[in-house]
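# Remarks on the overall topology
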Amino acid sequence: MKSIDVTAIGELLIDFTENGISEQGNPVLEVNPGGAPCNVLSMLSRLGRKTAFVGKVGDDMFGRQLRQAISEAGIETKGLVTDTLVNTTLAFVHTKPDGDREFSFYRNPGADMMLSPEELDKSLIEGCRIFHFGSLSMTHEQCRAATKKAIDLSENAGALLSFDPNLRAPLWESLDEARRQISYGMQHCHILKISDNEIQWFTGIDDFDKGIEYLQEKYGIPMILLSMGKDGSRAYANGLRVEVPGFTVKTIETTGAGDTFYACILNYVLEHKLDIRSLNEIELREMLTFANAAAAIVTTRKGALRVMPDRKEVENLIKGV
């Protein structure tokens, strides 16, 4: 019997986000815990799921803060390794007027890149129902080897594999290398979450449906989720295509919205005993509606990992409360 609902591997970093102007006229930056995999786990923990993280931070004030933050979020930290030589990865986030973001990364190297296959906690990987990964842990040779070993371990243990490419172009040596590694992830996942701009980039096809069809034919992924920002989302599974519009809210920033959305998808899959091939149109619509609402709530808050909504908040938005 597996004891962990979702284990994730990948980046855990500090997001420096804009938070006003100082008396001297300088931008004030707030230190926020960040990294897509732990954002996903944080929301899952809010929904009552047992979660665990595998990754690496530096032996510095930021690494200690991150360990404390994910522990407070209810995420198992025994798979989080500390690097004594390389500092914690930092990201500086500029928010545009429409709430979208630009990133500047300090990661050459960063501690998250330095996770090695030998440092993996196998019990967390082999003991989970869903194993979740992204592409940022495949940008460099060492963390790539660790990620691919973790994928092998989880596959052999019978887990459902979940993949979010989460493309961050500046972190790759080339976009050709990014495409190769993201293709590897697609070959090994049962559930894929991909954004509107990512599918157009990866497939070279402007039409979303045709792009998804290309992925389904090439990789045979049982369930694909397409996130379209404020326009909502689509689910492609079991020969069905279901689209649900987004919720209108007062957006402050979009950090973590896609991660929140995806966490709710994974929670729904867990509720249905991991049987993604049996979900019907009504269930897929219910799944997307809840996920869209949760994502919308996060866009009204600064940061992500520490401000995930609970189930009641999401249900109230859906009901119009």
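Each residue is numbered by its place in its chain's sequence as written, counting from 1. Totals for whole chains, interfaces and linings use all residues, but because this is a predicted model, local features are given only for residues with pLDDT of at least 70 and pairs of side-chain atoms are given and counted only at 80 or more. As a rule here, side-chain values cover all heavy atoms of the structure and leave hydrogens and water aside.

## Points about the sheet that holds strand 8 (residues 128-134)
Two pairing modes exist for strands in a sheet, parallel and antiparallel, and in both the strands are linked by backbone hydrogen bonds. Defined as follows: Two strands qualify as a pair provided that DSSP identifies no fewer than 2 bridges between them. Labels follow the DSSP assignment, with helices taken as runs of H or I lasting at least four residues and strands as runs of E lasting at least two, numbered in each case from the N terminus. Angular values range over 0 to 180 degrees, each being the angle between N-to-C directions of two axes fitted as lines to C-alpha atoms, with helices fitted over their stretch in contact. Contacts were defined at the residue level, with two residues in contact if any of their heavy atoms lie within 4.5 Å.
Ordered in space as 5-4-1-8-9-10-11-12-13, the nine strands form an open sheet in which the pairing is mixed. Edge positions in the open sheet fall to strand 5 (75-83) and strand 13 (240-244), since each of these has one partner strand only. Averaged over all neighbouring strand pairs, the angle between strand axes comes to 20°, with direction disregarded. One ladder, built from five bridges, connects strand 12 (residues 233-237) with strand 13; its direction is antiparallel. Bridge assignment links Ala237 to a residue of strand 13, and that residue is Leu240. Across the face of the sheet, helix 1 (residues 36-46) comes into contact with strand 1 (4-9), strand 4 (51-58), strand 5 and strand 8 while running at roughly 145° to strand 4. The sheet strands contacting helix 2 (residues 61-72) are strand 4 and strand 5, and the helix crosses strand 5 at an angle near 170°.

## Things to note about the nonpolar core
The criterion, for reference: We call a set of buried Ala, Val, Leu, Ile, Met, Phe, Trp, Tyr and Cys residues a nonpolar core when their side-chain atoms join them within 4.5 Å. Burial classes: relative accessible area under 20% of the type maximum marks a residue as buried, over 50% as exposed, and values in between as partly exposed (1.4 Å probe, protein chains only).
With 55 residues, the main nonpolar core has Ile191, Met223, Leu225, Ile265, Met287 and Leu288 as its most contacted residues. Leave out the neighbours within four places in its chain, and Ile191 touches Leu160, Leu161, Ser162, Phe163, Ile221, Met223, Leu225, Tyr262, Leu266, Val269 and Ile276. The next biggest cluster of nonpolar side chains, apart from the first, holds 41 residues, and it includes Leu153, Leu161, Phe163 and Cys189.

## Quick word on the pattern of salt bridges
What counts here: The salt bridge definition used is simple: a Lys or Arg side-chain nitrogen within 4 Å of an Asp or Glu carboxyl oxygen.
On inspection of all chains with the given rule, the structure shows 18 salt bridges. Note that Arg64 is salt-bridged to Asp59, the shortest N-O span being 3.4 Å. Taking the relative accessible area as the measure of exposure, Asp59 reaches 46% and is therefore partly exposed. We note a salt bridge from Arg179 to Asp176, for which the minimum N-O separation is 3.8 Å. Taken as a pair, Arg179 and Asp176 lie in helix 5 (residues 175-187) at a separation of three residues, close to a single helical turn. Through salt bridges with shared partners, a single network forms among Asp209, Arg234, Arg241 and Glu243.

## Brief notes about helix 4 (residues 141-156)
Selection criterion: Each residue after the first adds 1.5 Å to the expected span of a helix.
An ideal rise of 1.5 Å per residue puts 22 Å on 16 residues; helix 4 measures up with 23 Å between its terminal C-alpha atoms. Among all positions in helix 4, only Cys143, Arg144, Ala146, Thr147, Ala150, Ile151, Leu153 and Ser154 are buried. In this structure, the buried side of helix 4 is in contact with strand 1, helix 3 (122-126), strand 8, strand 9 (160-164) and helix 5. Once helix 4 ends, the next one or two residues include Gly158, with phi positive near 80°.

## Side note on the layout of surface pockets
Over the atoms, a rolling probe the size of a water molecule traces out where space has been left empty. The condition that has to hold: Cavities and pockets are found on a 1 Å grid laid over the protein atoms alone: a cavity is a set of points where a 1.4 Å probe fits but cannot escape, a pocket is an open set with protein on both sides within 12 Å along at least five of seven lines, and a lining residue has an atom within 4 Å of such a point. Grid points are joined across faces, edges and corners, and a volume is the space filled by probe spheres set on the points. Residue classes follow a fixed rule: Ala, Val, Leu, Ile, Met, Phe, Trp, Tyr, Cys and Pro count as nonpolar, while Asp, Glu, Lys and Arg count as charged, and any other residue, Gly among them, counts as polar.
By volume, the second largest pocket amounts to about 180 Å³. Looking at the second largest pocket, the residues that line it are Cys264, Asn267, Tyr268, Glu271, Glu286, Met287, Thr289, Phe290, Arg311, Glu315 and Ile318. The residue inventory of the lining of the second largest pocket, partitioned by class, reads five nonpolar, two polar and four charged.

## Structural notes on the side chain of Glu177
Our working definition: Polar contacts, as used here, are pairs of N or O atoms within 3.5 Å; protein pairs need one atom able to donate a hydrogen and one able to accept it. Residues neighboring in sequence count only if both atoms are side-chain atoms.
Relative to the helices and strands, Glu177 is located in helix 5. Residue classification places Glu177 among the buried residues on the basis of a relative accessible area of 15%. Among the polar contacts listed, one links the side chain of Glu177 to the side chain of Gln181, at a separation of 2.7 Å. When near neighbours in sequence (up to four residues on either side) are disregarded, Glu177 contacts Arg144 and Trp172.

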